[in-house]
Amino acid sequence: MKVVMLGYYTVGDTIGGGAERHIKNIIDRLRNYNDLEMHILSISKEIKKDSVLKKDGVTIHQIKAVKLPMTVAGITIYPIKMIREAKKINPDLIHGQMIGAPYGFAAGILAKKYPTLLTIHTIIKQTSKTNRSSFYGKIHDTLWRLLEKWELKRIPYLIVVSPHLKEELKKDGAKNITVIPNGIDANWFGVPNESITGRILFVGRIRPGKGLENLIKSIKLVIDKGCDVHLHVVGPTNDLHYLKYLQELAKKMEVREHVEFIGSIPDDALLNEYAECSIFVLPSSIESNPIVLLEAMASGKPVIATNVGGIPYMIEDGKNGFLVNYGDIEGLAEKILKLMNDKKLRDFIAENGKKTAMKYSWENISEETYEVYRHVYEDKYELYKQRRGY
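In this text the structure is predicted, and so the values were computed from the model without any measurement.

Asker: Summarise the overall build of the protein; cite the residues concerned and give the values.
Answerer: Of regular secondary structure, the protein possesses 14 helices and 14 strands. Relative to a compact globule of 390 residues, whose C-alpha radius of gyration would be 21 Å, the protein shows 21 Å and is just as compact. When burial is assessed residue by residue, the protein has 57% of its 390 residues classed as buried. In the protein, the share of contacts with a sequence separation of at least 24, taken over all contacts with a separation of at least 6, comes to 69%. Counting every atom, the protein has about 17,200 Å² of accessible surface; 50% of that belongs to carbon and sulfur.

Rendered as structure tokens:
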């Protein structure tokens, strides 16, 4: 079976957000199935021209990024090139990763000719509530929301990473939804415990909606209570205005020397960040099935996260982590202090978190994805066309 996956794929060692880690791990395992021929179509800022390369049994089709806003390029240049390249490959199945454009949009167009499924990591109608405030941002989210609705009608098979997403999509009339969560690689369970007293870690894309302003304000309250903590913020950003706002906020709150913005780092350095932290905090306004929570749990670190989206399906409050309401700065500070001042509690939460993470294996996730491939493929074109109304 020849499969074309559309999604962000990094050839090097530095991987960005959760969706990129998901794609990387799925591809690394699906390539070992003897009856699969895997192709990945991805946009890249690292190349000077469109290229095709083979690596570890996977054919990677890279499309050169252009200097245009995604609102423009995502519905014009990128999908046109992806569709053209996909048709050259002539696959048995299209697997889009991420709703919206360009990947979900291209998958929606290709769905007219090929059996197609789409993995949805998050949905615009939720992220747009906090992610955008500029005029351009509102235009982007309005357009992406229209694309979201269109893709749900066009693409007959959906994978979502959390039960929460399934329930939300059912409200929009989506059907044929399979829940397959994110996974965790075995090497995260071998992270040594080199905790530095007072070290707090956040990992994720630095953008509005991640709640970092609330975390910084909580850090101020914790320090004022006499607990000396230091926050490491790890992850990429495309929003330099937001990053500058966070830096200025930390300075205004007089905690700038307690907050370090590290940026994107390769996995070996990321493992070290997990090894050295005492607590992991994810203060987002919305999350589906965050891989970073699994990484922290597998690393044996106690976690605090917001009671939003798919997180309550992962964390049982007070057992394998702590839940706080989004925007509850005092509540977040209270939980940080509680863990920092009680090693036995940290160990208890960490041990239970590790047991939770053991349930999420990329091998199992890949096998479930493969079974969906078989189901879609075996429907073949006649039944597929009947379902699509052709």
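Asker: Can you break down the nonpolar core residue by residue, with the values?
Answerer: One finds Leu215, Tyr274, Phe280, Leu293, Ile304, Ile315 and Ile336 to be the most contacted residues of the largest nonpolar core, which totals 61 residues. In contact with Ile304, not counting residues within four places along its chain, are Ile279, Phe280, Val281, Leu282, Phe322, Val324, Leu332, Lys335, Ile336 and Leu339. Ile83, Ala86, Ala111 and Leu169 belong to the second largest nonpolar core, which has 32 residues in total.

Asker: Please set out the pairing of strand 4 (residues 58-64) residue by residue, giving values where relevant.
Answerer: Among the seven residues that make up strand 4, six are buried, leaving the element largely enclosed by the rest of the structure. Bridge count for strand 2 (residues 37-44) against strand 4 is six bridges, and the pairing is parallel. The residue bridging Ile43 from the neighbouring strand is Ile63, located in strand 4. Note that strand 3 (residues 51-55) and strand 4 share five bridges and pair antiparallel.

Asker: Outline the sheet that holds strand 6 (residues 116-120), listing residues and values.
Answerer: Pairing between the strands of a sheet comes from backbone hydrogen bonds, and it takes one of two forms, parallel or antiparallel. Read from one edge of the open sheet, eight strands run 3-4-2-1-5-6-7-8, paired in mixed fashion. Looking at which strands have only one partner, the edges of the open sheet turn out to be strand 3 and strand 8 (177-179). Recorded for the sheet is a direction-independent mean angle of 20° between the axes of neighbouring strands. Here helix 1 (residues 18-30) sits on the sheet in contact with strand 1 (2-6), strand 2, strand 4, strand 5 (93-97) and strand 6, set at roughly 165° to strand 1. Packed on one face of the sheet, helix 3 (residues 77-89) meets strand 1, strand 2, strand 3, strand 4 and strand 5 and runs near 160° to strand 2.

Asker: I'd like a rundown of the packing of aromatic side chains, residues and numbers included.
Answerer: Applying the stated criterion to the full structure yields six aromatic pairs. Relative to Phe280, the ring of Tyr274 lies with its centre 5.9 Å away and its plane at 25°, an arrangement referred to as stacked. Taken individually, Tyr274 and Phe280 each receive the classification buried, so the pair is uniform in this respect. Of the aromatic side chains, those joined through ring pairs into one cluster are Trp188, Tyr274 and Phe280.

Asker: Pulling in residues and values, what's your account of the packing of helix 8 (residues 212-224) against helix 12 (residues 329-340)?
Answerer: Two quantities define a packed helix pair, namely the angle between the helix axes and the distance between the axes. Running from N to C, helix 8 and helix 12 cross one another at 55°; their axes reach a closest spacing of 8 Å. Judged by the inter-axis angle, helix 8 sits oblique to helix 12. Crossing hand, helix 8 versus helix 12: right-handed. Of the residues in helix 12, those in contact with Asn214, Leu215, Lys217, Ser218, Leu221 and Val222 of helix 8 are Ile329, Glu330, Leu332, Ala333, Ile336 and Leu337. For the contact of helix 8 with helix 12, a count of residues per class yields eight nonpolar, two polar and two charged.

Asker: Break down the pattern of salt bridges for me, with residues and values.
Answerer: Between side chains of opposite charge, pairing is possible as soon as their charged atoms come close. Tallying each qualifying case throughout the model produces 20 salt bridges. Note that Asp35 and Arg374 form a salt bridge whose closest N and O atoms lie 3.2 Å from each other. Taken as a pair, Asp35 in the loop between helix 1 and strand 2 and Arg374 in helix 14 (residues 362-388) lie far apart in primary sequence, 339 residues in all. For Asp35, a relative accessible area of 28% gives the class partly exposed. The shortest N-O distance in the salt bridge between Glu276 and Arg199 comes to 3.3 Å.

Definitions and limits used
- Residues numbered from 1 in each chain as written.
- Predicted model: local features only at pLDDT ≥ 70, side-chain atom pairs only at ≥ 80, totals over all residues.
- Heavy atoms only, no water.
- Helix = DSSP H or I, 4+ residues; strand = E, 2+ residues; numbered from the N terminus.
- Rg over C-alpha atoms; globule rule 2.2 N^0.38 Å.
- Buried < 20%, exposed > 50% of the residue type's maximum accessible area, 1.4 Å probe, protein only.
- Contact = heavy atoms within 4.5 Å.
- Areas by Shrake-Rupley, 256 points an atom, 1.4 Å probe, with all protein chains shown as cover.
- Core = buried A, V, L, I, M, F, W, Y, C linked by side-chain atoms within 4.5 Å.
- Pairing = 2+ DSSP bridges.
- Axes fitted to C-alpha atoms, helices over the stretch in contact; angles between N-to-C directions.
- Phe/Tyr/Trp six-rings, centres within 6.5 Å; stacked < 30°, edge-to-face > 60°.
- Parallel < 35°, antiparallel > 145°, perpendicular 65-115°, else oblique.
- Left-handed = near helix turned anticlockwise from the far one by under 90°.
- Nonpolar A, V, L, I, M, F, W, Y, C, P; charged D, E, K, R; others polar.
- Salt bridge = Lys/Arg side-chain N within 4 Å of Asp/Glu carboxyl O.

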